[in-house]
Amino acid sequence: EFLDKWDVAVTLRNLGIPTPDALLAECASPIEAVAQLSLPIVLKQRVGSAGSGVEIFNTLESLEEFVSEIDNLSEWFFERFIHGESLVCAVCVGNEGIDVMATYEILKRRKLRGSSVVVEIRHDARVSDTGRVLISAINIRGLICFDVIRDFSGVDWVHDVNPRAFGSFITFQLAGYDFSDAYVQYLTGGGRIQQSRDDAARQRVLVFPYGLMEVFQSREHGIPWFRTFESAWRYWRLL
């Protein structure tokens, strides 16, 4: 059930965790959705990952045009767009509890609400606490990450829960968060690993593989091909 974004949103509301208001596309027309949720508005597929099946519309006309091309409206829902910081809590949960947890801010994406390119790892106690509540309530194991929008009034809205291997878990090895070892230990029935770092230090990292293209295309760091090789070599060594 945690692969279905609509079911996840219902679960979060039942837990008292703020999540954006939403309407099933089969039960509300675009004009009704905009009237209740305002613009811009998000249209999501109930099952998807890495930004696939997520569309954001700034006008009613563009939303109506897109919806008119959808064959099965039962697979989609409208969601209120929340302005604010994009934060993420990444976790590996073993049979005895949380082994590794990292929180970070997404500084750049391939597209709005799409895959991360540049992130800043930072300890955020509020996001971590929400993660512990969520994990305890849904009793999930293995790798999981969830996305949060912190609005301008300071409210944290959980808008996506991803019970899968997330794209940045290898990247975090370079910052001292050993998600891969924790996950292997969980899969093989091994014991718990030492808890991950939980400090206030900030570290900006490029997310593999899209971050490498970011270096290659940038002229700020000197010779692009050399910087790309330098960044890529860390990942090849890790692999």
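Residues numbered from 1 in each chain as written. Predicted model: local features only at pLDDT ≥ 70, side-chain atom pairs only at ≥ 80, totals over all residues. Heavy atoms only, no water.

1. Some details on the overall build of the protein chain
Logical step 1: When you go through the protein chain residue by residue, the secondary structure sums to seven helices and ten strands.
Logical step 2: Burial analysis of the protein chain (239 residues in total) assigns 49% to the buried set.
Logical step 3: Once local pairs closer than 6 in sequence are excluded, the contacts in the protein chain between residues at least 24 apart make up 62%. (Helix = DSSP H or I, 4+ residues; strand = E, 2+ residues; numbered from the N terminus. Buried < 20%, exposed > 50% of the residue type's maximum accessible area, 1.4 Å probe, protein only. Contact = heavy atoms within 4.5 Å.)

2. Focus on the confidence of the model for the protein chain
Logical step 1: With 76% of its residues at a pLDDT of 70 or more, the protein chain has an overall mean of 81.
Logical step 2: The model gives residues 221-225 a pLDDT under 50, and that stretch makes five contacts with residues more than four places away or in other chains. (pLDDT = per-residue confidence, 0-100.)

3. Section: the environment of L63
Logical step 1: Note on placement: L63 falls in helix 3 (residues 60-68).
Logical step 2: Sequence-wise, L63 and P30 are 33 residues apart; in three dimensions their C-alpha atoms are separated by 6.6 Å.
Logical step 3: The contacts of L63, once residues within four sequence positions are left out, are P30, V34, I41, L43, F57 and F78.

4. Section: unusual backbone geometry
Logical step 1: Residues L39 and P40 are joined by a peptide bond in cis, for which omega reads -10°.
Logical step 2: Structurally, P40 is set in the loop between helix 2 (30-37) and strand 2 (41-45).
Logical step 3: Positive phi, close to 70°, is recorded for S38, a residue that is not glycine.
Logical step 4: S38 sits in the partly exposed class, given a relative accessible area of 34%.

5. Some details on the side chain of S128
Logical step 1: Topologically, S128 is positioned in helix 4 (residues 125-138).
Logical step 2: Residue S128 is classed as buried on the basis of its relative accessible area, which comes to 2%.
Logical step 3: If near-sequence neighbours (up to four positions away) are discounted, S128 is found in contact with M101, T103 and H123.

6. Comments concerning helix 1 (residues 5-14)
Logical step 1: Of all the positions in helix 1, only K5, W6, V8, A9, T11 and L12 are classed as buried.
Logical step 2: Where helix 1 is buried, its residues meet strand 1 (22-24), strand 2, strand 4 (76-80), helix 4 and strand 9 (156-162).
Logical step 3: With a side-chain oxygen lying 2.9 Å from the backbone nitrogen of W6, the N-terminal cap of helix 1 falls on D4. (Polar contact = N/O pair within 3.5 Å; in protein donor to acceptor, adjacent residues only side chain to side chain.)

7. Some thoughts on the nonpolar core
Logical step 1: By size, the foremost hydrophobic cluster in this structure holds 20 residues, and its most contacted members are Y104, F172, Y177 and F179.
Logical step 2: Contributions of two or more residues to this core are made by strand 5 (85-94), strand 6 (97-109), strand 7 (116-121), strand 8 (142-150) and helix 5 (179-188).
Logical step 3: Of the residues forming this core, the biggest block, four residues, is contributed by strand 6.
Logical step 4: Formed by 19 residues, the second largest nonpolar core is a distinct cluster that contains V91, V93, I135 and V148. (Core = buried A, V, L, I, M, F, W, Y, C linked by side-chain atoms within 4.5 Å.)

8. Brief notes about the packing of aromatic side chains
Logical step 1: Scanning the model with the defined rule gives four aromatic pairs in all.
Logical step 2: When the ring of F57 is compared with that of F66, the centres are 5.3 Å apart and the planes differ by 55°; the resulting orientation is tilted.
Logical step 3: Of the residues examined, F57 reaches a relative accessible area of 8% and is grouped as buried.
Logical step 4: Among the residues examined, F66 registers a relative accessible area of 27% and is labelled partly exposed.
Logical step 5: Members of the aromatic cluster, each reached through a chain of ring pairs, are F57, F66 and W76. (Phe/Tyr/Trp six-rings, centres within 6.5 Å; stacked < 30°, edge-to-face > 60°.)

9. Some details on the pattern of salt bridges
Logical step 1: Summed over the entire model, instances satisfying the criterion amount to twelve salt bridges.
Logical step 2: The shortest N-O distance in the salt bridge between R46 and D4 comes to 3.1 Å. You can see R46 sitting in the loop between strand 2 and strand 3 (54-57) and its partner D4 sitting in the segment before helix 1, a full 42 residues away along the chain. In this structure, R46 and D4 share a single accessibility class: buried.
Logical step 3: Put simply, D124 and R122 hold a salt bridge, and the shortest N to O gap is 3.7 Å. Taken individually, D124 and R122 each receive the classification buried, so the pair is uniform in this respect. (Salt bridge = Lys/Arg side-chain N within 4 Å of Asp/Glu carboxyl O.)

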